[in-house]
Amino acid sequence: MTRNVVILCVAAGTHFNSQGDKYTFLIELIVIDVLINSQFLLFLESIDTSLSGKMSESDIDKLRRSRESLVYTATRETLFAQETTHSKTHALSLDWVSGVNSSLPVYILQDHSQLVFLYAGAHVAIIYNHTTNSQHILQGHCSPISCMCVSEDRRWIGTADQNKKSTVILWDSYSGIPVHTLFDCHPKGGVIAIGFSADAKQLVTLGNEKAQCVCIWDWTNDCHEPLWLTELRPEYGYQNYIIFNPNNSTQLLSSSESQVLFYSTAQGTLQHVPLKIIKLGDAATLELNASLFPNSTPEYCEIHKLAGGPLSPSVFHWREFRILTPSRAGVIMVWDLTQDLDSNQRLSRDHVKIISLQEHPITVLAVVDNCIVTGDTRGHVNFYDENMLLLTWFTQMNLDRIVSISFSKEFEREYLEDGTLDTKPVLGRNFVVSSSTSAVVHVNMERSTWRVLLQENCDPLHAVACNPKQPTVVMGNCSGILKVWDYRQKRIVCRTVLEKEKEIRCVTIDPQGRYLAVGFASGAVHFLDANTLQSDPKECFDYPPDSISHMSFSHDSRYLATADVGKAVTLFRMQQPQWIYLGRYRSHYKAITDLLFGVHQDSSKPRLFTLGVDRLLVEYDVESSDVGQVVILSSKRLEQSAVPKCMTWYPPLSSEEFLVVASDQYKMKLFNSMSKTCRKTLLGPTYGSPVKKIGILPTSENNESGSRYMAYVTEDKVGLQILPLDGNPYKSQAVLCHPTGVSTFAYSHDGLFVFTAGGPDCTVLSWQISYSALEGAAALGGKELEPYYTLLEGGRNGEFYREIEDFFYYCQIHNQGLESMETRQLSPKIPLTELPSLMRALAYFPTEREVEDMLNEVKLGQYTETGEYITDINLAELIKLYINHRPAFGISAEELVTAFEVLGEPGGPTGKPVLDRDHMLELLQVRGEAMTQDELAECFTGLLGLFEVEEDENPEADLFKTDNVSQEYTLESVIPEKISIEIFTHHILGLPPSSSPSLTPKKGHKGSEPQLDDG
């Protein structure tokens, strides 16, 4: 059984749209992500062939019906009638999306028995049922959705993104199933606009490339290449909108702020022309001049200047062969086109009408039921007839700039079939309006009433925190809006707009659920009631001048600590009846990455720690701090090269108290909270970017295994980790949450939900946790060492594993003496003294401090339980130790280039940095873990293969003294005075040479010592 994307092809069938019109799809493609054996599909296909002559026709029909497509059988009520109590197959399932992409349109899908509409947020599309207050989330994109469209009958949905590997997904709105996917359709820039033809059989995509491409796809026939394709000239301007003519699927239009393009496929190819107006004369004059002066070029008017300003998206007329183009000056241009494609490039002024319709800029233009509908920057919606006479208007909706207007396919009341609908404007369809501030309003045309359906985040959102006592979460955005949302009932409990300060950067709630602390970009800190969002002016502090980045309450709710971008920590204390400011201390010389409160083991006194890019863990004496004084208790450097990103308290799974710290090298380390010494190093999640924040989840009623779990976020993903940490990759799962970056996350008090804030994408995503799915995935990874074998090159049966075994057994022999003639004592273990050399033999070169941490990890592994040291290690423990300690992705060439840029100076033949030989030797002896002259000599002896020691030679000869060895073996003779990256890697380290012709290996020399070409 393997995981496959199975494509089920269903025979042609007849469907009915909402008006009762029949249309037929040749092929219906249903893409279902399932666990299924592909051979089983072939078996099912063979049943129809092999048994068709042996079974009755009714039996065959029953068999086929049992395999009917979920899309084929879906109705308008199917999507939200489905059971939602089925077991979760993923550890993290997207449960709810709070936030709207206000730049994309909102489409109404149903407005009869229930009100359903479609909108986008981050990288997902949301089908929202307002009647039942439920969402169905369309997940499939790995980048933010850049455009959407729906078919005329509202059955099919198209979504696209602008990733390097651009993806277009077609969905069935009745079942929520993706029916077709176009991969890499615009690989050079993604998709900026998309649209269905009137019969929904064709799809047009407009690329975001420098030289934009327009593609038309026959998506119902499982196409992988476009039917037609054309490339646009840059002088047409940046086209950002494209649609089919609803009356003729061979015609399309696209528009930019300065130009309208008309397309036609009537001649069997996709042709396009810009709509132009002749500046002087008329078409007859132009033809006469062209016959007399064949090389002359006519002059054309600039369209956007005629329209008085930038153009808004155009539409086709509902009956005539016309295009209507609105502008930001309140003008509408009406183009009377001809069937001759080329003639539309030289329209005379009598073929174009310019109508000044209103004073304010028109942002949206739509045509429906013989009406022209406009939306403008004031938030007004106006209806006009064909003669541009005002029919009705909606001006009291209190909206900002209109982004989209979408009309229902159903009428509120029945109209007589007397041709009225075809000849006269009919104001009978309800519609949905969306604005630039993410408001979505539904308008009932018959009653002339409106109501707000959504009022979501429209500004970057960086702050989210869960109430530790109630099923609510607090969200704060950069416009000063705070809201409390009930994640059980899916409703807003309360909402407020902070007037004094606007840009909220972080929020936190105290452990008792009473106080809400809000940190702002200005450095201000406000205390509010966590349930009502009411504040006291006396508890609004504006002392720190730098933006607040972290906040945390102490366990007893008596203290609040904040960290800011000024690398300082500020402390507040509750002194009944209000909070007071104690002081601010700049304790780091680089940015603070995390801040954490804790409790002393032998008392209930609070402990406070901060972690910084400077690799320092600073502890503060909270109890001794007072007004005007914040006291530092200790400061210790945790890492040599890695940058710590975050920390949290490790749950009490042993008798020691640990801080777990995650670094940018994909490692998680356990530090003793008292001595600050590293007790364990473990491989962390490796999902494209390092972990940036972690938290231990509370115990949950749904946790049947009794294990503890950790939640974390990386740059764009959220994940779960089974504890205890041991480096097993199968005990961790992550899912993409915010492609543009995660700002922060929070988890519910019951341990069942995780909430992620997307920052620039203006959304908060609610993720439901399934611990059983996480445990099941971990079990599939295997037992004991099986998960770790997958991290070794070649696995358990590979050559590298055999090398590990060989080196392990060699260490046993080496420990007993290589030349010993005594009987060998077989043992499954080797002494710890052999561990550093064995790690280096396996191409992991730890520093002396890393060696010490490694030895202490093994030696003290059971000391707190048994009081005894461990002095040896077996093969299984060695493999785990090696995997957890070695670099997660090896040493990259980029790291070496960065080192040369920092330490070297420009001077190479190509301007690349070079390192002076004497300076390099000096650095090795005085910086970092300084090497002695003897250690340096021994190191270069091995690297350069300088000696083949004879019996009468001294292997300890000093390479730094020319009187001890011949000139042939001095460092000056074998290392160039100026060392480039190539010389260092190939000449000194002996790595394989690159394609550079300046370096060639010496022939016949031990090792691979390159030398400079004479040429």
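What counts as what
- Residues numbered from 1 in each chain as written.
- Predicted model: local features only at pLDDT ≥ 70, side-chain atom pairs only at ≥ 80, totals over all residues.
- Heavy atoms only, no water.
- Helix = DSSP H or I, 4+ residues; strand = E, 2+ residues; numbered from the N terminus.
- Buried < 20%, exposed > 50% of the residue type's maximum accessible area, 1.4 Å probe, protein only.
- Contact = heavy atoms within 4.5 Å.
- Areas by Shrake-Rupley, 256 points an atom, 1.4 Å probe, with all protein chains shown as cover.
- Pairing = 2+ DSSP bridges.
- Axes fitted to C-alpha atoms, helices over the stretch in contact; angles between N-to-C directions.
- Patch = residues over 30% accessible without salt bridge, like charges linked within 9 Å, V, L, I, M, F, W, Y side chains within 5 Å.
- Salt bridge = Lys/Arg side-chain N within 4 Å of Asp/Glu carboxyl O.
- Lys, Arg positive; Asp, Glu negative; His and termini not counted.
- Charge placed at Lys NZ, Arg CZ, Asp CG, Glu CD.
- Polar contact = N/O pair within 3.5 Å; in protein donor to acceptor, adjacent residues only side chain to side chain.
- Phe/Tyr/Trp six-rings, centres within 6.5 Å; stacked < 30°, edge-to-face > 60°.
- Lys NZ or Arg CZ within 6 Å of the ring centre and 35° of its normal.
- Core = buried A, V, L, I, M, F, W, Y, C linked by side-chain atoms within 4.5 Å.
- Parallel < 35°, antiparallel > 145°, perpendicular 65-115°, else oblique.
- Left-handed = near helix turned anticlockwise from the far one by under 90°.
- Nonpolar A, V, L, I, M, F, W, Y, C, P; charged D, E, K, R; others polar.

**Side note on the overall build of the protein chain**
Then, in step 1: When helices and strands are tallied, the protein chain shows 19 helices and 67 strands.
Then, in step 2: Counting the 1015 residues in the protein chain, one finds 50% classified as buried.
Then, in step 3: Summarising the internal contacts of the protein chain: among those between residues at least 6 apart in sequence, 49% fall at separations of at least 24.
Then, in step 4: In the form shown here, the protein chain has an accessible surface area of approximately 48100 Å², with 50% of it arising from carbon and sulfur atoms.

**Thoughts on the sheet that holds strand 46 (residues 592–599)**
Then, in step 1: The strand order 46-47-48-49 describes an open sheet built from four strands, whose pairing is antiparallel. The open sheet has two edge strands with one neighbour each: strand 46 and strand 49 (629–637). Each adjacent strand pair in this sheet contributes to an overall mean axis angle of 25°, direction not counted.
Then, in step 2: With four bridges connecting them, strand 47 (residues 606–612) and strand 48 (residues 616–626) associate as antiparallel partners. Across the sheet, Leu611 pairs through a bridge with Leu617, a residue of strand 48.

**Notes on a negative patch on the surface**
Then, in step 1: Where like charges cluster on the molecular surface, the negative patch consists of Glu793, Glu799, Glu803 and Asp806.
Then, in step 2: By the secondary structure assignment, Asp806 is in helix 10 (residues 799–816).
Then, in step 3: Assessed through its relative accessible area of 52%, Asp806 is described here as exposed.

**Details of the sheet that holds strand 52 (residues 667–672)**
Then, in step 1: Spatially, four strands are ordered 50-51-52-53 in an open sheet, and the strand pairing comes out antiparallel. Since the sheet does not close on itself, it has two edges, and those belong to strand 50 (644–649) and strand 53 (678–683), each with one partner. This sheet shows a mean twist of 20° between the axes of neighbouring strands, independent of strand direction.

**Points about the environment of Ser256**
Then, in step 1: Relative to the assigned elements, Ser256 resides in the loop between strand 19 (248–255) and strand 20 (260–264).
Then, in step 2: Residue Ser256 is classed as buried on the basis of its relative accessible area, which comes to 3%.
Then, in step 3: As for Ser256 and Gln239, which are separated by 17 residues in sequence, their C-alpha atoms are 4.3 Å apart.
Then, in step 4: Ignoring anything within four residues of it in the chain, the contact list for Ser256 reads Tyr236, Gly237, Tyr238, Gln239, Asn240 and Leu311.
Then, in step 5: Reaching out from Ser256, the side chain makes a polar contact with the backbone oxygen of Tyr236 at a distance of 3.2 Å.
Then, in step 6: There is a polar contact of 3.4 Å between the side chain of Ser256 and the side chain of Gln239.

**A few points about unusual backbone geometry**
Then, in step 1: Along the chain, Gln576 connects to Pro577 via a cis peptide bond; the corresponding omega equals 10°.
Then, in step 2: By secondary structure assignment, the location of Pro577 is in the loop between strand 44 (569–575) and strand 45 (578–585).
Then, in step 3: Geometrically, the link from Leu723 to Pro724 is a cis peptide bond, its omega value of 5° lying close to zero.
Then, in step 4: Its place among the elements puts Pro724 in the loop between strand 56 (717–722) and strand 57 (732–736).
Then, in step 5: Positive phi outside glycine occurs at Lys490, with the angle close to 55°.
Then, in step 6: Along the chain, Lys490 turns up in the loop between strand 36 (481–486) and strand 37 (491–497).
Then, in step 7: Phi at Arg615 takes a positive value of approximately 70°, unusual for a residue other than glycine.
Then, in step 8: For Arg615, the location among the structural elements is in the loop between strand 47 and strand 48.

**Regarding the pattern of salt bridges**
Then, in step 1: Under the criterion given, the structure shown has 32 salt bridges.
Then, in step 2: Of the charged contacts in the structure, one is a salt bridge between Glu320 and Arg319, with a shortest N-O distance of 3.4 Å.
Then, in step 3: A residue is classified by how much of its surface remains accessible, and Glu320, at 34% relative accessible area, is partly exposed.
Then, in step 4: Overall, the relative accessible area of 42% leaves Arg319 in the partly exposed class.
Then, in step 5: Two residues, Glu982 and Lys912, come together in a salt bridge whose shortest N-O distance is 3.7 Å. Taken together, the residues span a long stretch of sequence, with Glu982 in helix 19 (residues 981–988) and Lys912 in the loop between strand 63 (905–906) and strand 64 (913–916) at a distance of 70 residues.
Then, in step 6: Among the residues examined, Glu982 registers a relative accessible area of 22% and is labelled partly exposed.
Then, in step 7: One network of salt bridges, in which partners are shared, links Arg607, Glu619, Glu657 and Lys676.

**Some details on the packing of aromatic side chains**
Then, in step 1: Counting across every chain of the model gives 32 aromatic pairs.
Then, in step 2: A centroid spacing of 6.3 Å and a plane angle of 20° characterise the contact between Phe753 and Phe755, whose relative ring orientation is stacked. The pair Phe753 / Phe755 is uniform in exposure class, with both members buried.
Then, in step 3: An aromatic cluster of three or more residues is present, and its members are Tyr515, Phe527, Phe541, Phe553, Phe572, Trp579 and Tyr581.
Then, in step 4: The lysine or arginine in question, Arg155, covers the ring of Trp156, its NZ or CZ lying 4.9 Å from the ring centre.
Then, in step 5: The aromatic ring of Tyr789 is capped on one face by Arg796, whose charged end is 5.7 Å from the ring centroid.

**Considering a nonpolar patch on the surface**
Then, in step 1: Taken together, Tyr810, Ile813 and Leu818 make up a surface patch of nonpolar side chains, about 280 Å² in accessible area.
Then, in step 2: Turning to its location among the elements, Tyr810 is positioned in helix 10.

**A few points about helix 14 (residues 875–885)**
Then, in step 1: The buried count for helix 14 comes to eight of 11 residues, which makes it a mostly enclosed element.
Then, in step 2: Within the sequence span of helix 14, burial applies to Leu875, Leu878, Ile879, Leu881, Tyr882, Ile883, Asn884 and His885.

**A closer look at the environment of Asp336**
Then, in step 1: Along the chain, Asp336 turns up in strand 24 (residues 331–336).
Then, in step 2: Spatially, the C-alpha atoms of Asp336 and Arg322 are 4.9 Å apart, while their sequence positions differ by 14 residues.

**Description of the nonpolar core**
Then, in step 1: Phe117, Tyr119, Leu697, Leu720, Val754, Phe755 and Trp767 are the most contacted members of the largest nonpolar core, which has 49 residues in total.
Then, in step 2: With sequence-adjacent residues up to four places away left out, Tyr119 is seen in contact with Val97, Gly99, Val100, Pro105, Val106, Ala125, Ile126, Tyr128, Gln135, Met148 and Leu454.
Then, in step 3: Within the second largest apolar cluster, 26 residues are counted, among which are Leu785, Leu792, Ile873 and Ile883.

**Quick notes on the pairing of strand 9 (residues 134–138)**
Then, in step 1: By the criterion of burial, strand 9 is predominantly enclosed, with four of the five residues buried.
Then, in step 2: Of the strand pairs in this sheet, strand 8 (residues 124–129) and strand 9 are connected by five bridges, and their pairing is antiparallel. Pairing of Ala125 across the sheet is with Leu138, part of strand 9.
Then, in step 3: Hairpin connection, strand 8 to strand 9: the antiparallel pair is bridged by four residues, and Asn133 has positive phi, about 55°.

**Structural notes on the packing of helix 16 (residues 917–926) against helix 17 (residues 933–944)**
Then, in step 1: At a minimum axis separation of 10 Å, helix 16 and helix 17 run at an interaxial angle of 125°. By the angle between their axes, helix 16 is oblique relative to helix 17. Considering how the two elements wind past one another, helix 16 and helix 17 form a crossing that is right-handed. Across the interface between the two elements, Met920, Leu921, Leu924 and Gln925 of helix 16 pack against Gln933, Leu936 and Phe940 of helix 17.
Then, in step 2: Along the lines of polarity and charge, the residues of the contact of helix 16 with helix 17 split into five nonpolar, two polar and no charged.

**What to know about the pairing of strand 39 (residues 515–520)**
Then, in step 1: When you tally the buried positions in strand 39, you get six out of six residues, the bulk of the element.
Then, in step 2: Where burial is concerned, the two faces of strand 39 agree: the one with Tyr515, Ala517 and Gly519 and the one with Leu516, Val518 and Phe520 are both buried.
Then, in step 3: Of the strand pairs in this sheet, strand 38 (residues 504–509) and strand 39 are connected by five bridges, and their pairing is antiparallel. The residue bridging Val507 from the neighbouring strand is Val518, located in strand 39.
Then, in step 4: Where strand 38 folds back on strand 39, the antiparallel hairpin that results is connected by five residues, among which Gly513 adopts a positive phi of roughly 75°.
Then, in step 5: Connecting strand 39 to the next strand, strand 40 (residues 525–529), in antiparallel fashion are four residues, including Gly523 with a positive phi near 95°.

By themselves, these figures tell us nothing about what the structure is for.
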